[in-house]
Amino acid sequence: MTTSTRTLPPGQRARSDFPRFGHPLIVRRVPSQPRPVDIEVTGAVQAPIRLHADDLATLDRREQISDFHCVTTWSATDLRWSGYAFGDVWTSLVVPQARPDARASHVAFTGIDGWRACLPLEDVLAADVLLADRLDDVPLGIDHGAPIRLVAPAHYGFKSVKHLRRIQVLLEPIPDSAARIGHPRGRVALEERGGFLPLPLQRVFGRALIAPLQVLIRLLSR
Ligand SMILES: Nc1nc2c(c(=O)[nH]1)N[C@H]1C(S)=C(S)[C@@H](COP(=O)(O)O)O[C@H]1N2
Ligand SMILES: [Mo]
């Protein structure tokens, strides 16, 4: 169970809604209607594979209530996700079928719009990392990442790639789409926001971006 009075991570502020967010200039690359799940698993594997909804359905479905923290300082609390543990996807599908290189250290996730985030394998094997296809008991809408997205609650939102299209197995990290402004690791508890400014200024500038980015996304999305 969750409580709504717990304290948020450093620098975060709760909001009562869960806005559509992200990079406004790529939002038009997202199809207006959800596509079927089709995730390619490539990179340092012996046999690239594609994962579809029926492959994922062989795994146990996980329900999870977790908070979501954008690096610009907004947090949405108590989100009810449903989907599959990334650890189960890795262990039961990727490892036996794609046979990753034993030296694999990182995994990069890419969305239909080209947004990419790279995480250490050990970070994404954490129990709370999901490939989520439902929010609040209904299939994910286009706004929150249909047909399926990564949910990595211990990391800032820029790591939780929406509209997941590709999983790349890597022997070393590659840059995120957010690399110029975001911290490469992005862990919320350590306030790994990124950028050159001191942390208090990172918070102030992040906060100043929220409203304009929301307006742009609303204007540019179909
Ligand atoms: N494919 C894709 N995933 C993305 C983004 C994006 O622009 N494209 N933006 C990221 C950022 S910065 C945030 S805060 C969250 C926002 O998720 P939401 O729109 O469900 O609130 O998605 C992340 N994942
Ligand atoms: Mo974000």
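Residues numbered from 1 in each chain as written. Chains lettered and ligands numbered in written order. Predicted model: local features only at pLDDT ≥ 70, side-chain atom pairs only at ≥ 80, totals over all residues. Heavy atoms only, no water.

Peer 1: Talk me through the overall build of the protein; I want residue IDs and the actual numbers.
Peer 2: Helix and strand content of the protein: four helices and 11 strands. Projected onto the principal axes, the alpha-carbon positions of the protein cover approximately 45 × 35 × 35 Å. Across the 222 residues of the protein, 50% fall into the buried class. Considering only contacts within the protein whose residues lie at least 6 apart along the sequence, 69% involve residues at least 24 apart. For the protein, the accessible surface area stands at approximately 11000 Å², while carbon and sulfur atoms represent 56% of it. The centroid of the 28 positive side-chain charges in the protein is displaced by 8 Å from the centroid of its 23 negative side-chain charges. (Helix = DSSP H or I, 4+ residues; strand = E, 2+ residues; numbered from the N terminus. Buried < 20%, exposed > 50% of the residue type's maximum accessible area, 1.4 Å probe, protein only. Contact = heavy atoms within 4.5 Å. Areas by Shrake-Rupley, 256 points an atom, 1.4 Å probe, with all protein chains shown as cover. Lys, Arg positive; Asp, Glu negative; His and termini not counted. Charge placed at Lys NZ, Arg CZ, Asp CG, Glu CD.)

Peer 1: Residue-level account of the sheet that holds strand S6 (residues 106–111), with values.
Peer 2: Taken in spatial order, the five strands line up as S3-S2-S11-S6-S7 in an open sheet, and their pairing is mixed. The open sheet has two edge strands with one neighbour each: strand S3 (49–52) and strand S7 (116–120). Averaged over all neighbouring strand pairs, the angle between strand axes comes to 20°, with direction disregarded. Strand contacts of helix H2 (residues 86–98): strand S2 (38–43), S3, S6 and strand S11 (164–170), with the helix running at about 140° to S3, the strand carrying the most contacts. (Pairing = 2+ DSSP bridges. Axes fitted to C-alpha atoms, helices over the stretch in contact; angles between N-to-C directions.)

Peer 1: Tell me about a nonpolar patch on the surface, and please be specific about residues and values.
Peer 2: On the surface, Leu197, Leu201, Val204 and Phe205 cluster together to form a nonpolar patch covering roughly 350 Å² of accessible area. Within the secondary structure, leucine 201 sits in helix H4 (residues 199–220). (Patch = residues over 30% accessible without salt bridge, like charges linked within 9 Å, V, L, I, M, F, W, Y side chains within 5 Å. Salt bridge = Lys/Arg side-chain N within 4 Å of Asp/Glu carboxyl O.)

Peer 1: Before we move on, could you go through the site of ligand 1 and cite the residues and values that matter?
Peer 2: Around ligand 1 lies a shell of 20 residues, among which Pro19, Asp113, His144, Arg149 and Lys162 are the nearest. With respect to ligand 1, the backbone of proline 19 contributes an N or O atom lying 2.6 Å from an oxygen atom. Taking aspartate 113, its side chain carries an N or O atom lying 2.7 Å from a nitrogen atom of ligand 1. Here ligand 1 occupies the largest pocket. In the shell around ligand 1, the residues fall into nine nonpolar, six polar and five charged. (Near = heavy atom within 4 Å. Polar contact = N/O pair within 3.5 Å; in protein donor to acceptor, adjacent residues only side chain to side chain. 1 Å grid on protein atoms, 1.4 Å probe; cavity = no way out; pocket = protein on both sides within 12 Å on 5 of 7 lines; lining within 4 Å. Sits in = over half its atoms within 2 Å of the grid points. Nonpolar A, V, L, I, M, F, W, Y, C, P; charged D, E, K, R; others polar.)

Peer 1: How would you sum up the nonpolar core? Please name residues and give values.
Peer 2: Judged by nonpolar contacts, the single largest core of 38 residues is most densely connected at Phe86, Val89 and Phe109. Within the residue set of this core, elements represented by two or more residues are S2, S3, H2, S6, S7, helix H3 (121–124) and S11. Looking at which element gives the most residues to this core, the answer is H2, with six residues. Excluding anything up to four places from it in sequence, valine 89 contacts Leu51, Leu56, Leu59, Tyr84, Val94 and Leu131. (Core = buried A, V, L, I, M, F, W, Y, C linked by side-chain atoms within 4.5 Å.)

Peer 1: Lay out H4 in plain terms, naming residues and giving numbers.
Peer 2: With 22 residues, H4 should cover 32 Å at 1.5 Å per step; its first-to-last C-alpha distance of 30 Å lies within 8% of that length. For H4, the full list of buried residues reads Gln202, Gly206, Ile210, Leu213, Gln214 and Ile217. Buried residues in H4 make contact with strand S1 (13–15) and strand S5 (74–85). (Expected span 1.5 Å × (residues − 1).)

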